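# Per-entry structural report
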Amino acid sequence: MVSDEAVALPAEAKSVLTGADHDTGPGEKRDVGMHAAGGEYLAFIDDDAAPRADWLSNAVRIFEDQAIGAVAGPGVTPPASGWAERAGGAFYESWLGSGPYRYRFRPGRRRDVDDYPAYNLIVRRSAAEHVNGWGTGFYGGEDTVICLALVEAGWRIVYDPTVVVFHQRRPVLRKHLAQLGNVGRHRGYFVKAYPQTSLRPSYFLPTLGTVALSGFLVAAIFSVKARAALGVAAGAYAVGGVVLGLAERDDPSVALTLPGVALASHVTYGIQFVRGLLTRRLER
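Attention in this report is confined to the structure presented alongside it. Please read all numbers here as calculations on a predicted model, not as lab measurements.

Taken together, the side chains of Val218, Ile221 and Phe222 present a nonpolar region at the surface, about 370 Å² in accessible area. With respect to the helices and strands, phenylalanine 222 occurs in helix 9 (residues 201-222).

Shown next, in the form of structure tokens:
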């Protein structure tokens, strides 16, 4: 574990201090850990994630292809999570929440990727050294920076569904939305800073949906027909979201929250995405 200050750890764990006199970001800490570690592969997870027993053994087999610079896998909701955490996990794992990116949060088909969260990312040491490590102080989105560097340097990043970690979710709703807002703000900024992997229509959809919803709400103030249309749309969305949630999860009480959590999440992300777009310089 890499930290800015000493922390209590189990006897078998190793702690590395950054030596910094300020709070460092995840990318900076990972660079310190990279230089302190030995071995051919550098395995990165977040401090709220825990690997499945076969995590590294499954990843190492994939590295037999020398063109592969990094391996990634899903960060699934821990089975023993509380209700508020499972409700947050349901958002990430559903089509309503993550759309085409839900494979990041539940096992999906194996594929090459060019951008992946660092809560589950194993990098070949020679590839990491090739791109000079993480090299960023961004707190959120630092993984976008190193993944883009790896791909542009000619390395493959392979997602495999068997390389699993259990990633703790933020409980709904306040902490969950705070995390989504941070992600949205960085992605909006990265549209300008790293358009190669961030200038994609899917990242704009929550903002477009938020604008459309705002338009409907304004129109509903002045028009009976608009109110009726909004009511029908809201009903269809709620029913469809619950049905989707029931189809994907065993807990009906979690499924019932999915439409509301998804709506609040996308609106928060969409607003913060615009904020990121308008930010001239994002330091972290």
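On we go from here.
Right, let's get into unusual backbone geometry. The step from valine 172 to leucine 173 runs through a cis peptide bond, and the omega angle for that step is 15°. Despite not being glycine, asparagine 132 shows a phi value in the positive range, around 65°. In this structure, asparagine 132 sits in the loop between helix 5 (125-130) and helix 6 (142-152).

Moving on, we come to the environment of glutamine 168. Structurally, glutamine 168 can be placed in the loop between strand 10 (165-167) and helix 7 (174-193). The spacing of glutamine 168 and cysteine 147 is 21 residues in sequence and 23 Å in space, taken between C-alpha atoms. Apart from residues lying up to four places away in sequence, glutamine 168 is in contact with Asp48 and Pro78.

Read across the open sheet, the three strands follow the order 4-10-6; overall the sheet is mixed. Each end of this open sheet is capped by a strand with a single partner; those strands are strand 4 (49-51) and strand 6 (75-76). Both strand 6 and strand 10 contribute to a ladder of two bridges, which runs parallel. Following the sheet pairing, valine 76 is matched in strand 10 by phenylalanine 166.

Within the fold, arginine 169 resides in the loop between strand 10 and helix 7. Arginine 169 sits in the buried class, given a relative accessible area of 5%. Side chain to side chain, arginine 169 and threonine 77 meet in a polar contact 2.9 Å long. Non-local contacts of arginine 169, meaning those with residues more than four positions away in its chain, are made with Gly75, Val76, Thr77, Glu85, Gly89, Tyr92, Glu93 and Phe105.

Reading the values: rules and limits
Residues numbered from 1 in each chain as written. Predicted model: local features only at pLDDT ≥ 70, side-chain atom pairs only at ≥ 80, totals over all residues. Heavy atoms only, no water. Patch = residues over 30% accessible without salt bridge, like charges linked within 9 Å, V, L, I, M, F, W, Y side chains within 5 Å. Areas by Shrake-Rupley, 256 points an atom, 1.4 Å probe, with all protein chains shown as cover. Salt bridge = Lys/Arg side-chain N within 4 Å of Asp/Glu carboxyl O. Helix = DSSP H or I, 4+ residues; strand = E, 2+ residues; numbered from the N terminus. Contact = heavy atoms within 4.5 Å. Pairing = 2+ DSSP bridges. Buried < 20%, exposed > 50% of the residue type's maximum accessible area, 1.4 Å probe, protein only. Polar contact = N/O pair within 3.5 Å; in protein donor to acceptor, adjacent residues only side chain to side chain.

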